[in-house]
Amino acid sequence: MRDECPAFLAYVEQALVPSLSPGDIVVMANLPTHNPSAVGEAIQAAGEQLRFLPPCSLYFNPIEMAFPKLKA
């Protein structure tokens, strides 16, 4: 099963891409719905660059480190 979202692809094609200017860079999180090749192709076909944020680490997020203490 592919983790893609037709609504997100529609947003990219119908709202995001038309609003981009030459030289824009689109930065997205590493969510499975952001990774379909169609999303990247739509952005790159408009002549824009696509970059993904680095994966998050729970060890660098102070909130995640506080949850075990709150649960105890």
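In the block above lies the structure referred to throughout.
Residues numbered from 1 in each chain as written. Predicted model: local features only at pLDDT ≥ 70, side-chain atom pairs only at ≥ 80, totals over all residues. Heavy atoms only, no water.

Overview of the packing of aromatic side chains
Here comes step 1: Taken as a whole, this structure holds 1 aromatic pair when the rule is applied.
Here comes step 2: Here Phe 8 and Tyr 11 contribute two aromatic rings whose centre-to-centre distance is 6.4 Å and whose plane-to-plane angle is 35°, an arrangement assigned as tilted. Separated by 3 residues within a single helix, Phe 8 and Tyr 11 lie in helix α1 (residues 6-19), roughly one turn from each other.
Here comes step 3: We classify Phe 8 as buried; its relative accessible area is 18%. (Phe/Tyr/Trp six-rings, centres within 6.5 Å; stacked < 30°, edge-to-face > 60°. Helix = DSSP H or I, 4+ residues; strand = E, 2+ residues; numbered from the N terminus. Buried < 20%, exposed > 50% of the residue type's maximum accessible area, 1.4 Å probe, protein only.)

A look at the pairing of strand β2 (residues 49-52)
Here comes step 1: With 4 bridges connecting them, strand β1 (residues 25-28) and β2 associate as parallel partners. For Met 28, the partnering residue across the bridge sits in β2 and is Phe 52.
Here comes step 2: Each parallel crossover has a hand, and the one from β1 via helix α2 (residues 37-45) to β2 is right-handed. (Pairing = 2+ DSSP bridges. Right-handed = clockwise from strand over helix to strand, strands pointing away.)

Topic: the environment of Glu 41
Here comes step 1: When you line up the elements, Glu 41 lands in helix α2.
Here comes step 2: For Glu 41, a relative accessible area of 52% translates into the label exposed.
Here comes step 3: Residues Glu 41 and Glu 13 lie 28 residues apart in sequence; the distance between their C-alpha atoms is 10.0 Å.

A few points about the side chain of Glu 48
Here comes step 1: Position of Glu 48 relative to the elements: it lies in the loop between α2 and β2.
Here comes step 2: Arg 51 provides the closest opposite charge to the buried, unpaired Glu 48, separated from it by 11 Å.
Here comes step 3: A polar atom in the side chain of Glu 48 sits 3.2 Å from the backbone nitrogen of Gly 23.
Here comes step 4: For Glu 48, the contacting residues outside a window of four places in its chain are Leu 20, Ser 21, Pro 22, Gly 23, Asp 24 and Ile 43. (Lys, Arg positive; Asp, Glu negative; His and termini not counted. Salt bridge = Lys/Arg side-chain N within 4 Å of Asp/Glu carboxyl O. Polar contact = N/O pair within 3.5 Å; in protein donor to acceptor, adjacent residues only side chain to side chain. Contact = heavy atoms within 4.5 Å.)

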